[in-house]
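Observations on chain architecture
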Amino acid sequence: MKVSHLNNLFAKAGKKVAVAGDAKAGVVIGLDLEGRWYGVLDGEVLNRVNPDAVTGQSTRERYLNPGGDGLWPAPEGTSLGYEYAAGSWRVPPGLRDARFLVTRQAARAVTVCAEVDLVNNGGLGIPALFERHFKLSTVRGSLTVNVVESITYLGSRPLRRSECLLAPWSLGQFDCGPGCEVVFPCESRASVWDLYDEPSDAQRSWGGGMCRTRTDGSQRYQIGIGAQVPWIEFRDSRRGLTARRTAAALPQGQRHIDIRDAAPEALPSKRGVRYSVYSDVSGFMEIEAAGGCPAVIRPGEVMSVEVSTRFKLNKG
C-alpha cells in the first residue's frame, strides 16, 4: 500500500494521525487507532494495514485488527492477563477506544500518550498511562524506528506480583505467506518454546547458530523466545522486505514475564518472554518484543522497554 492511500483512509474516517519523517522514510501513527504506527520507506507502507479497521470501529462483538505496530499490556491471558476480564477474549476497551495525544513533536521524533484503564482477569482495576517515544534514523536506504514503550501505573497503592503483572508489549504486524520467515541467532533450543498447546517444531530449522521459523500461513502458532536471543528478523522474499527487531536490556529491578494467551484459569508461568513470533493462517504474522515487571508495582512506577526496528526494502 502507498502511504498516500493510508493517509486517505485516515482522512476518510476522520481519524487523527501524527507523522515523523516523511513519505521517503517515516512513520504514520493512528492516534485514534490504539496509537498504532506504520513504517514507511520509499512511499510504501511496510506493516500490514487493515482498511476496515482504519475506516470502521471495533466493538465488543467484532474486533477489527488494525495491523501496524501496537502497544499492548502483557500478559494476554492467564489469571493475571487483560484479554479475558469479561469471560471471553477481547481487546480491553480502554485500549481499543483510547485517543492518543501528541506531547512532543520534531521532524524525526514524536511522543504520543493516552490514559488507559485496565481490568485484569482477577477483576483488579489498574489505571495506567501508555506512552510511545519515537526517534527515527536512516542509513543507506534503511529506516530504523526506535521506540521507548512505557506503561506508567497511576494507581494509589502498591501491587504485588500475586495480584498484578503488567509489562509493555510491542506487536509489529506484517502480511505473510510462502517465502516468509523469522530468523534469529540461537544456540539453545530450550530458548524457544510454544505458547499454544499445538507444537510448531515442524516450522523451524536450525543451523550455524541460527534458528529459522516459517511464517508462511501454513499453521497458526506462537513461540516464546528467551532473553539470551539478541534480536529477531522478519524476512519476506516476495517484497524483498526485512524488519529486524531488537529489544534493549530491561530497567533494573524488572524482569520478563509470561505473556501467553492462556485460559484465565491458568496461573502465569515463571518463564519470561523477551521476544515472540506469531503466525496466523489468515495471512499475517507478528514480531513481538516484551518488557518486564518489578516484584512490586508502586504508584508512579514506569514499566518500559526500548525497541528498535530496522527496515530494509530491496526492490531489485
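See the structure printed just above.
Residues take numbers from 1 onward in each chain, read along the sequence in its written order. Thresholds applied to this predicted model are a pLDDT of at least 70 for local features of residues and 80 or more for the giving and counting of side-chain atom pairs; totals over whole chains, interfaces and linings are not thresholded and use all residues. Heavy atoms from the whole structure form the basis of all side-chain values; hydrogens and water molecules are not counted.

1. Re unusual backbone geometry
What counts, and what does not: Every helix listed is a DSSP run of H or I at least four residues long, and every strand listed is a run of E at least two residues long, numbered separately from the N terminus. Between buried and exposed lies partly exposed: a residue is buried under 20% and exposed over 50% of the maximum accessible area for its type, with that area taken using a 1.4 Å probe on protein chains only.
Residue Pro-75 is bonded to the preceding Ala-74 through a cis peptide linkage, with omega at 10°. Along the polypeptide, Pro-75 turns up in the loop between strand S5 (69-74) and helix H3 (93-96). Positive phi values are uncommon outside glycine, yet Glu-34 reaches one of about 65°. We classify Glu-34 as buried; its relative accessible area is 4%.

2. What to know about the sheet that holds strand S7 (residues 109-119)
Sheets are built from strands that pair by backbone hydrogen bonding, the pairs being arranged parallel or antiparallel. To keep it simple, the criterion reads: At least two DSSP bridges between two strands are needed for those strands to be called paired. With axes taken as lines fitted to C-alpha atoms, and helix axes fitted only over the stretch in contact, angles between N-to-C directions fall between 0 and 180 degrees.
Across the sheet, which stays open at both edges, the ten strands sit in the order S6-S7-S8-S9-S24-S18-S17-S12-S15-S14 with antiparallel pairing between neighbours. Pairing within the sheet leaves two strands with one partner each, and these edge strands are strand S6 (101-106) and strand S14 (204-207). Strand-to-strand, the axes of this sheet are offset by a mean angle of 20°, without reference to chain direction. Pairing analysis gives four bridges linking S14 to strand S15 (residues 210-214), with the strands arranged antiparallel. The partner of Arg-204 across the bridge, within S15, is Thr-213.

3. Examining the packing of aromatic side chains
For any pair of aromatic rings, the description rests on two quantities: the centre-to-centre distance and the angle between the ring planes. How we decide: A pair of Phe, Tyr and Trp rings is counted when the ring centres sit within 6.5 Å of each other, with Trp represented by its six-membered ring. The angle between the planes then sorts it: under 30 degrees is stacked, over 60 is edge-to-face, the rest tilted.
Under the defined criterion, the tally for this structure stands at ten aromatic pairs. Each ring, one from Phe-10 and one from Tyr-38, has its centre 6.4 Å from the other, and the planes form 70°; the classification is edge-to-face. Of the two residues, Phe-10 is situated in helix H1 (residues 3-13) and Tyr-38 in strand S3 (residues 36-41); the sequence distance between them amounts to 28 residues. Judged by relative accessible area, Tyr-38 falls into the buried class, the value being 0%.

Shape is all these values report; function is a separate question.
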